[in-house]
Amino acid sequence: MSLIHKFTQDGEYYALDVNSGAVHIIDELIFDLLREDSALSFDEAKLLDKYSDEELNEGISEINELINAKMLYSREDYQEAALAHDSESYIKALCLNIAHDCNLKCTYCFADEGEYKGKREIMTPFIGKKAIDFVIEHSGPRRNIEVDLFGGEPLLAFDTVKEIVKYAREKEKLHNKNIRFTITTNGTLLTDEIIDYIDKNMGNVVLSIDGREKVNDAVRVRKDGSGTYKDIIVKITKMVAKRDKSKQYYLRGTFTSKNLDFSEDVLALANLGFKEISIEPVVLPKGNPLALKEEYLPEIFKQYDIIYSELLERNKNGDSFKFYHFNIDLKGGPCIYKRISGCGAGHEYVSITPNGDIYPCHQFTGDQKFKMGNILEEGFATDMSKKFKEAHIYNKPKCLECWARFYCSGGCQANNYNFNGDINIPYELGCSMQKKRIECAIALKSQIDF
């Protein structure tokens, strides 16, 4: 089990104490003296013939001071809390699949163009309201509830969206809840009316675009094969202009094997003035021409390095932006249970389809093995909920060997299942990219905040 992770970023040396989360910017001597499980003894250190005895003694003394301060090789004490965490689960977040339909035909779409292995279907206001009742009922003592309006393309059912939000506002007052809405949209159906509505009623809006025009228009296409960039960019620019600093948004794109130079897409969006950007790696089965492969990792890592350097430079100039995957909190961060269990899919977070079926998350939607019930029927698959609750890092042997376990929390359960047939076996290609992003994020925060 890794106790220390050391890495370099842009010529600087770093050491992460895995259990405490303490980050140290170190010199080459300390870097050489640290191992994953312990520091070198003086006798072992003498084998490093590039240092004098005096330097080695000084370095080992500094390391011992940090060990005594419990900032290096600190004790891991989360497992007991994880195994004892058998209290009742309450749902705090809901994904409403407003539309199992879409007006686009993105070539990498995991949702089967909105059909989710089923049929094209739009959620009725009746089902949407029942879903609000469901999450309030199952939220227990939790006051804050997150509701994501998702698809397909949810703006295909804009009237349903409005009725759901209105109903939620009435119900939250009656039950002393605070319901925060997020909507994810491809932007093509935005009008002045819809932009105004989203700005007033959504705590967050996720706007889909894949970066540069040539990249976007190769994959994010209409059903006739035509590109969407020129239409999208005008509308999302107008949408973002409406959001003041108290209201969230972010641009969300995808990179595939066809744009491994995706840092150019991130920077293209940043250069247009957008401040909240995410370009995510596509997740597709082996054999798909757009799928990512292990052999692409060096180039992918290079792109993350480029984004890191750009963010560092722009921060110095006061013209930075946020890259979603580099957001990390070194001073506090999530609670212990979140650090070991992740997003809460299946027990704190569920997805509801247009006909009311319940799934652990939107990426399991349509796979009948994971159907947990229906909001129009009594009962809820507590056995499956328990299975997902127990899918934390201490039940994932590979995670226990990994230094990044308290940052990625075992990875995406859906990706784990889709690639390995088991939610407890991590999707290793995703792990590799995640670890690189975490290193960049740690280095960036260390350089900017300390």
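Residues numbered from 1 in each chain as written. Predicted model: local features only at pLDDT ≥ 70, side-chain atom pairs only at ≥ 80, totals over all residues. Heavy atoms only, no water.

Draft legend 1. Examining the side chain of Glu280 more closely. Mapping Glu280 onto the fold places it in strand β11 (residues 276-281). Buried and without a salt bridge, Glu280 has Arg252 as its closest oppositely charged side chain, separated by 4.2 Å. Reaching out from Glu280, the side chain makes a polar contact with the side chain of His325 at a distance of 3.1 Å. Leave out the neighbours within four places in its chain, and Glu280 touches Arg252, Gly253, Thr254, Phe255, Tyr324 and His325. (Helix = DSSP H or I, 4+ residues; strand = E, 2+ residues; numbered from the N terminus. Buried < 20%, exposed > 50% of the residue type's maximum accessible area, 1.4 Å probe, protein only. Lys, Arg positive; Asp, Glu negative; His and termini not counted. Salt bridge = Lys/Arg side-chain N within 4 Å of Asp/Glu carboxyl O. Polar contact = N/O pair within 3.5 Å; in protein donor to acceptor, adjacent residues only side chain to side chain. Contact = heavy atoms within 4.5 Å.)

Draft legend 2. Here's a closer look at the pattern of salt bridges. For the structure shown, the criterion picks out 29 salt bridges. In this structure, the salt-bridge partner of Asp199 is Arg243, at a minimum N-O distance of 3.3 Å. Of this pair, Asp199 sits in helix α7 (residues 192-201) while Arg243 sits in the loop between α9 (229-242) and β10 (248-255), placing them 44 residues apart in sequence. A residue is classified by how much of its surface remains accessible, and Asp199, at 9% relative accessible area, is buried. Among the ionic pairs, Glu213 bridges to Lys230, the shortest N-O distance being 2.4 Å. One end of the pair, Glu213, is in helix α8 (residues 213-219); the other, Lys230, is in helix α9, and 17 residues separate them in sequence. Sharing partners across several salt bridges, the network here consists of Glu28, Asp32 and Lys50.

Draft legend 3. Spotlight on the confidence of the model for the protein. On average, residues of the protein score 92 in pLDDT, and 94% of them are at 70 or above. Element-level pLDDT for the protein is lowest in helix α4 (residues 79-83), with a mean of 63, against a maximum mean of 98 in helix α10 (residues 263-271). (pLDDT = per-residue confidence, 0-100.)

Draft legend 4. Examining the packing of aromatic side chains more closely. Applying the stated criterion to the full structure yields 16 aromatic pairs. With 6.1 Å between their ring centres and 70 degrees between their planes, Phe370 and Phe388 make a pair best called edge-to-face. On the criterion of sequence distance, the pair formed by Phe370 in the loop between β14 (357-359) and β15 (373-374) and Phe388 in helix α13 (residues 382-389) is long-range, its members being 18 residues apart. An aromatic cluster is built from Phe255, Phe262, Tyr304, Phe323 and Phe326, whose rings are joined through pairwise contacts. (Phe/Tyr/Trp six-rings, centres within 6.5 Å; stacked < 30°, edge-to-face > 60°.)

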